[in-house]
Amino acid sequence: MSEFLDKIRLWFIDFLFTDYVKYALISIGILFVILMVASIIKISRFSINKKKKYKNILQIDNDLLKRTIEFEENVKRKNGIAKKENFIKRLYKEYTFYGGNLKKLILLAVLGYFACLLIIFLISNDVLCSIILSIVWFTILYVFIDNKNSKARKKFIKGFAQALRTLEASTNSSNSFETSIQAITAREGINPKVKDEFGQISAGLKNNKSLEQVMEEFWIRNSSIPEFAMFAIVMQFFSKSGGSGLNKILQQLEASLNQKIINYDKVDAELGINKVLMNIFVYGYVLALVIVPVFYTTFYAGITDAGAMGYIKAIASVAMHLFSVVFYKSMIRSCSEGA
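About the thresholds
Residues numbered from 1 in each chain as written. Predicted model: local features only at pLDDT ≥ 70, side-chain atom pairs only at ≥ 80, totals over all residues. Heavy atoms only, no water. Salt bridge = Lys/Arg side-chain N within 4 Å of Asp/Glu carboxyl O. Helix = DSSP H or I, 4+ residues; strand = E, 2+ residues; numbered from the N terminus. Buried < 20%, exposed > 50% of the residue type's maximum accessible area, 1.4 Å probe, protein only. Axes fitted to C-alpha atoms, helices over the stretch in contact; angles between N-to-C directions. Parallel < 35°, antiparallel > 145°, perpendicular 65-115°, else oblique. Left-handed = near helix turned anticlockwise from the far one by under 90°. Contact = heavy atoms within 4.5 Å. Nonpolar A, V, L, I, M, F, W, Y, C, P; charged D, E, K, R; others polar.

J.: Lay out the pattern of salt bridges in plain terms, naming residues and giving numbers.
T.: What the rule picks out here adds up to 7 salt bridges. A salt bridge links Lys329 to Asp146, with the shortest nitrogen-to-oxygen separation between them at 3.8 Å. Of the two residues, Lys329 sits in helix α16 (residues 308–337) while Asp146 sits in helix α8 (residues 136–172), which places them 183 residues apart along the sequence. Taking relative accessible area as the criterion, Lys329 reaches 15% and is therefore assigned buried. Lys209 is the salt-bridge partner of Glu217, the closest N and O atoms lying 3.1 Å from each other.

As structure tokens, this is what we get:
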């Protein structure tokens with residue numbers, strides 16, 4: 001029986017390293033890249049720059065547009081907010097913002113990493129190689145957390161659009177801004193996180209904070225969504241000008257947020273087979289670290305015997321895997337939200 005299994009393994013190794021298989025894998029890789037680039041080009045049509053987006057969607061004058069951009073820059077400068085956060089910080093902020101448990105995240109990261117390290121060490125019998133390749137766990141964790149954040153983000157955007165509809169109806173009935181905010185927090189069926197955000201606005205106003213300060217604090221918490229900067233400046237601007245035209249802009253903000261959800265669905269539909277291929281790439285890499293050595297027993301020896309260069313290649317492999325996933329995820333968001 002063992003001889004039969006050895007023959008099967010040798011046949012598999014011979015087959016795996018034939019030119020036909022090598023060229024087939026290269027062809028699949030090239031096809032994947034072509035399909036991905038084509039999809040990115042197509043879905044990028046949904047993405048427009050911030051200034052053009054504000055003017056097209058909201059049809060505002062240059063003065064209000066200028067005020068909005070200046071508002072964002074002033075708040076960033078006053079609070080030391082970086083123009084663009086790195087993907088790790090953004091992932092962490094969104095995870096905690098949408099109710100993620102930091103202790104569970106840390107526990108999952110640590111236990112998952114050491115579980116991968118133990119498995120790879122038992123297969124490779126090399127500590128350094130195991131330490132390097134086990135970093136792939138953080139890529140898997142990134143995908144898991146980012147998917148969770150994306151679902152929560154879409155629900156939050158949709159809920160905020162519903163809140164704007166309530167706000168528009170309330171202000172249209174000649175209610176004050178404070179009363180309209182309370183109407184949102186009292187309404188059933190609105191996303192709990194959206195209620196919490198408007199609850200913080202209401203609490204700030206009750207504690208005698210200025211509308212400007214309350215809106216700045218609101219935007220700092222929600223700076224990743226461009227329409228919220230517009231919402232913050234619009235509420236300040238129209239509170240000083242008597243509210244003329246406010247309902248129209250609230251309707252347009254609502255439409256813009258709803259369009260984001262539509263764009264997400266369009267992007268998901270457009271990517272199609274590419275999402276399947278990307279999942280194969282993400283999880284197939286991890287499975288390969290465990291399955292390939294079963295048939296190709298010198299797999300890890302090829303890394304360790306190469307010395308420093310072998311370990312450098314291992315580091316590069318893990319880094320490229322992570323970079324590809326982060327780039328893919330960032331492109332989906334950019335194309336969906338135009339940000």
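J.: Mind laying out the packing of α8 against helix α9 (residues 177–186), listing which residues take part and the relevant values?
T.: Running from N to C, α8 and α9 cross one another at 140°; their axes reach a closest spacing of 9 Å. One element, α8, and the other, α9, form an angle in the oblique class. The element α8 and its partner α9 pack so that their crossing is right-handed. Contact with α8, carried on its side by Ala163, Thr166, Leu167, Ser170 and Thr171, involves Phe177, Ser180, Ile181, Ala183 and Ile184 of α9 and no other residues of that element. Residues of the contact of α8 with α9, tallied by class, amount to 6 nonpolar, 4 polar and no charged.

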